[in-house]
Amino acid sequence: MLSTEVKVSIYGTLSDKGLYSGYVSGENIPSQNALIISRKSVYDNFTGIVTAIAHLEDGTDKLVVSPRNEIMYEPEIRNLLENMKQLKIQKLSCLYEKSCGAVILHWDNKAQDYMILLVKNHNGRFYSFPKGHVELWENEKETAVREIKEETNLDVKILDGFREISDYCPYGKIRKRVVFFLAVAKSNNIRIQESEIDSYTWVPLGGAGGVTYDNDRRVIEKVRRYIAEHGRI
Ligand code: ATP
């Protein structure tokens, strides 16, 4: 149901922060009351998409619909829905997801190459760069620094002039955007977050095997180009 286009008729305002009640209908979606969210004022009728499904504590689901061109992530949607105190949300499934992380470098004298840090998390069988979901009011760099600290205990400095995007669709319908920065570690005392991460490895940038996905390989290629242009960091 996520991402389905629906016709929306607004019939009330639930908060002045962008939460409305409305009536929606669409292909394979029986006409029903829904929660409408938007950053701008919305009136009357418009076409929206199902941007989230709120699974409520009473066992029912409530559709959350926004205008077609608005991308909202879980923390912002949850924050808007919290304006409706009587809504007891057990779980929120969202169409759009955003995470930020970084390719973390350290120079290895013996290898005469930069090493990059890869982590393998519990729910995947692949190595990639440390990253995690954006929280409310955070900017992208703040998310990357916080997530790296949480997952690896490393304090990192983000380098200027590098920002690469990976878009993919986990589990079919979710549209995920991941923003990767380039960073150097201020220390090397890695302590992995055992609840999230299985293991980690440093791989040489020159070889940079070990990643599974093409978009991760593309990010590594961009790092090589960055270093070729900027010299030793
Ligand atoms: P986060 O670290 O952002 O909290 P997560 O652990 O919830 O992420 P992902 O790492 O995005 O989730 O993995 C979710 C699904 O997407 C997995 O099934 C994984 O195989 C797939 N996936 C992960 N990275 C990529 C990628 N770069 N390209 C395509 N699919 C990917």
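Residues numbered from 1 in each chain as written. Predicted model: local features only at pLDDT ≥ 70, side-chain atom pairs only at ≥ 80, totals over all residues. Heavy atoms only, no water.

## A short note on the environment of Asn69
Then step 1. Within the secondary structure, Asn69 sits in the loop between strand E5 (61–67) and helix H1 (74–81).
Then step 2. Relative accessible area serves as the criterion here: at 62%, Asn69 is assigned to the exposed category. (Helix = DSSP H or I, 4+ residues; strand = E, 2+ residues; numbered from the N terminus. Buried < 20%, exposed > 50% of the residue type's maximum accessible area, 1.4 Å probe, protein only.)

## Regarding the pairing of strand E2 (residues 19–26)
Then step 1. Sheet topology note: the strand E1 (residues 5–15)/E2 ladder contains seven bridges and is antiparallel. By the bridge assignment, Ser15 is partnered in E2 with Leu19.
Then step 2. Between the end of E1 and the start of E2, which pair antiparallel, lie three residues, with Gly18 showing a positive phi angle near 110°.
Then step 3. Taken together, E2 and the strand that follows it, strand E3 (residues 29–37), pair antiparallel across an intervening segment of two residues, in which Asn28 is found at a positive phi of about 65°. (Pairing = 2+ DSSP bridges.)

## Quick look at helix H3 (residues 214–230)
Then step 1. In this model, H3 (17 residues) spans 24 Å end to end at C-alpha, consistent with the 24 Å of a helix rising 1.5 Å per residue.
Then step 2. Listing the buried residues of H3 in full gives Asn215, Asp216, Val219, Ile220, Val223, Tyr226 and Ile227. For H3, the buried positions fall inside an angular range of 150° around the axis, keeping them on one side. Among the exposed residues of H3, those pointing more than 90 degrees away from its buried face are Asp214, Ala228 and Glu229.
Then step 3. At its buried positions, H3 is contacted by strand E7 (96–108), strand E8 (113–121), strand E9 (127–128), strand E12 (164–168) and strand E13 (175–185).
Then step 4. Among the residues trailing H3, Gly231 stands out with phi positive, at a value near 75°. (Expected span 1.5 Å × (residues − 1). Arc of directions from axis to C-beta. Contact = heavy atoms within 4.5 Å.)

## A word on the pattern of salt bridges
Then step 1. Under the defined criterion, the tally for this structure stands at 19 salt bridges.
Then step 2. One salt bridge in this structure joins Glu97 and Lys176, with 3.1 Å as the shortest N-O distance. Residue Glu97 is found in strand E7, and its partner Lys176 is found in strand E13; the two are separated by 79 residues along the sequence.
Then step 3. Residue Glu97 is classed as buried on the basis of its relative accessible area, which comes to 19%.
Then step 4. The partner of Glu164 in a salt bridge is Arg218, and the shortest N-O contact between them spans 3.3 Å. (Salt bridge = Lys/Arg side-chain N within 4 Å of Asp/Glu carboxyl O.)

## Comments concerning the site of the ligand
Then step 1. Inspection of the region around the ligand gives 13 residues, with Ser99, Tyr168, Lys176, Tyr213 and Asn215 positioned closest.
Then step 2. Separating an oxygen atom of the ligand from a side-chain N or O atom of Tyr213 is a distance of 2.5 Å.
Then step 3. One of the side-chain nitrogen or oxygen atoms of Asn215 is found 2.7 Å away from a nitrogen atom of the ligand.
Then step 4. In the complex, 81% of the free accessible area of the ligand, which totals 630 Å², lies under the protein chains.
Then step 5. In terms of residues, the shell around the ligand owes the most to one element, strand E10 (residues 131–133), which gives three residues.
Then step 6. Residue classes in the shell around the ligand are distributed as five nonpolar, six polar and two charged. (Near = heavy atom within 4 Å. Polar contact = N/O pair within 3.5 Å; in protein donor to acceptor, adjacent residues only side chain to side chain. Areas by Shrake-Rupley, 256 points an atom, 1.4 Å probe, with all protein chains shown as cover. Nonpolar A, V, L, I, M, F, W, Y, C, P; charged D, E, K, R; others polar.)

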